[in-house]
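Structural features, examined
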Amino acid sequence: MDERIREHARTLVDWSARVERGDDVVVSVGEGAHDLAVAVCAELGRRGATVVTTYASEELDRAYLLAHDGDFDASDAELALYERADVVLRLGGPRNTTAMADVSGDRQAAAARATRAAREARLASRWVSTVHPTRALAQQAGMAFEEYRDFAYDAILRDWESLATEMARLKERLDDGSEVRLVTDRDAKPSTDLTMSIEGRVAVNSAASVAYDSHNLPSGEVFTAPFDTEGEVFFDVPMTVRGRRVRDVWLSFEAGDVVDFAAETNEDVLAEVLDTDEGATRLGELGIGMNRGIDRFTDNILFDEKMGDTVHLALGRAYRSNFPEGAENEANDSAVHVDLITDVSERSRIEVDGEVVQRNGRFQWEPEFEAE
């Protein structure tokens, strides 16, 4: 076994999930994540945790959803499993990244609505999602397998404590701020000028550990929950949404809601997302990528949204961790959380209360930052 797999498992169990003796741990194993699952279960055994493993496959999901009559019921068994779990580890590793491409968005949305209670129970645990590099992911990224594997571990096996210290600077600025403005200037495509209120929100220093209210490995972003969004935004990073490639998305907001939209490819997928429920037309997240170990786009949201020089906005569900104690019910509620990414490496800026905190991908505290 590649020693990096064992290091990945140790990072996941110790730094990310903070597993302790006696914890009830659910390990969801993707189709191609067997080797990582072996290493993770060994680490859990050494720590005296109790383990239940489940199998996660989009091919199985596809078979079920296509055969079903569409009147989905909630699973009491799944709900009970997550309600009793202390920790949930999701080990992604698909064999086919577009396995769900022929399942309609309406059907996927109906299933998501039916499983909302179980999903909320999982999100109440010390859950962490990660990914094991597979050939399917390498192919999706347009990379050789060995090249992709090196890329993945460069992003995953970081000095997370040091990165957490750096990201704390941005968290503090957002926590103290009231309004964020995102501006980009494009030549041949739409520009962005978007303002979002963040008054009273709590930014998360997403340093790949539940100790920071962070639940992805790799991570490397600071995110918050915006509201009262106004203006227009253009997303120039292609994304696979519901098994289909969506490219060049444009959204227009008024009083917090999407009032108009367009996409160069698969616009109908975007329409399906926005039609899921009332909350799907509002933003649930503003995330600013800070992981410079990720140096290229791979059409995998787990990596792409954390990349330095990017900003992502999510339609739909907001995370309760972005709200002070007692105000969690203010979080935007939706059955979806769909991230869209824009490149801010050139001709762009992020302002907090009128002050530029990032210009052309570089932050105020970095030597490359241009004041004007």
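Here we summarise the structure given alongside this text.

This next bit is on the packing of helix α4 (residues 76-84) against helix α6 (residues 116-123). One way to put it is that α4 packs onto α6 with a least axis distance of 8 Å and a crossing angle of 15°. Between α4 and α6, the angle is such that the two are roughly parallel. α6 is crossed by α4, and the crossing has left-handed handedness. Here α4 contributes Glu78, Leu79, Tyr82 and Glu83 to the contact with α6, which in turn contributes Ala117, Ala118, Ala121 and Arg122. By residue class, the composition of the contact of α4 with α6 is five nonpolar, no polar and three charged.

To continue, consider empty space enclosed by the protein. Using a probe with the size of a water molecule, rolled over the atoms, empty space left in the structure can be pinpointed. Enumeration over the complete set of coordinates arrives at one cavity of 30 Å³ or more. Within this model, the largest cavity holds a volume of roughly 40 Å³. Taken together, Ala74, Ser75, Glu78, Leu79, Ala114, Thr115, Arg116, Ala117 and Ala118 make up the lining of the largest cavity. Considering each element in turn, the lining of the largest cavity owes the most residues, three residues, to α6. Split into classes, the residues belonging to the lining of the largest cavity amount to five nonpolar, two polar and two charged.

The next point concerns the nonpolar core. Formed by 86 residues in total, the largest nonpolar core has its most connected members in Val40, Leu44, Leu89, Leu91, Leu251, Phe303 and Leu315. The greatest single-element share of this core, amounting to seven residues, is contributed by helix α8 (residues 145-156).

Next up on the list: the sheet that holds strand β15 (residues 310-316). In spatial order, the strands read β7-β9-β14-β15-β16; together these five strands make up an open sheet with antiparallel pairing. Of all the strands in the sheet, just β7 (204-206) and β16 (337-343) have a single pairing partner and so form its edges. Adjacent strand axes in the sheet meet at a mean angle of 25°, parallel and antiparallel pairs treated alike. Where β15 meets β16, seven bridges bridge the pair, whose relative direction is antiparallel. The residue bridging Gly316 from the neighbouring strand is His337, located in β16.

If you trace the five strands from one edge of the open sheet to the other, you get β2-β1-β3-β4-β8, paired in parallel fashion. Since the sheet does not close on itself, it has two edges, and those belong to β2 (50-56) and β8 (216-217), each with one partner. Packed onto the sheet, helix α1 (residues 3-16) meets β3 (87-92), β4 (126-131) and β8 and runs at close to 160° relative to β4. α4 rests against β1 (24-30), β2 and β3 of the sheet, and its axis sits at about 125° to β1.

Further remarks concern the packing of α1 against helix α2 (residues 34-46). Relative orientation of the contacting elements α1 and α2 amounts to 50°, with a least axis distance of 8 Å. Classed by the angle they form, the pair α1 and α2 counts as oblique. In this structure, α1 crosses over α2, and the sense of that crossing is right-handed. From α1, Ile5, Arg6, His8, Ala9, Arg10, Leu12 and Val13 reach across to α2, where they touch Asp35, Leu36, Ala39, Val40, Glu43 and Leu44. Grouping the constituent residues of the contact of α1 with α2 by class yields eight nonpolar, one polar and four charged.

The next point concerns the pairing of β1. For β1, a buried count of six out of seven residues is recorded, marking the element as mostly surrounded by other parts of the structure. Handedness of the crossover joining β1 and β2 through α2: right-handed. One ladder, built from five bridges, connects β1 with β3; its direction is parallel. Directly across from Val26, in β3, lies its bridge partner Val88.

The residue after Leu217, namely Pro218, is reached through a cis peptide bond having omega 10°. Assignment of secondary structure puts Pro218 in the loop between β8 and β9 (221-224). If you check the backbone angles, Arg347 has positive phi at about 45° while not being a glycine. Of note, Arg347 is situated in the loop between β16 and β17 (348-352). Of note in this structure, Asp353 is not a glycine but carries a positive phi near 50°. Structurally, Asp353 is set in the loop between β17 and β18 (355-359).

Here we come to the side chain of His215. The residue His215 is located in the loop between β7 and β8 in this model. Within the structure, the side chain of His215 is placed 2.6 Å from the backbone oxygen of Trp127, a separation counted as a polar contact. In this structure, His215 is in contact with Ser125, Trp127, Val128, Ser129 and Val210, ignoring residues within four places of it in sequence.

Procedures and definitions
Residues numbered from 1 in each chain as written. Predicted model: local features only at pLDDT ≥ 70, side-chain atom pairs only at ≥ 80, totals over all residues. Heavy atoms only, no water. Axes fitted to C-alpha atoms, helices over the stretch in contact; angles between N-to-C directions. Helix = DSSP H or I, 4+ residues; strand = E, 2+ residues; numbered from the N terminus. Parallel < 35°, antiparallel > 145°, perpendicular 65-115°, else oblique. Left-handed = near helix turned anticlockwise from the far one by under 90°. Contact = heavy atoms within 4.5 Å. Nonpolar A, V, L, I, M, F, W, Y, C, P; charged D, E, K, R; others polar. 1 Å grid on protein atoms, 1.4 Å probe; cavity = no way out; pocket = protein on both sides within 12 Å on 5 of 7 lines; lining within 4 Å. Points joined across faces, edges and corners; volume = space filled by probe spheres on them. Core = buried A, V, L, I, M, F, W, Y, C linked by side-chain atoms within 4.5 Å. Buried < 20%, exposed > 50% of the residue type's maximum accessible area, 1.4 Å probe, protein only. Pairing = 2+ DSSP bridges. Right-handed = clockwise from strand over helix to strand, strands pointing away. Polar contact = N/O pair within 3.5 Å; in protein donor to acceptor, adjacent residues only side chain to side chain.

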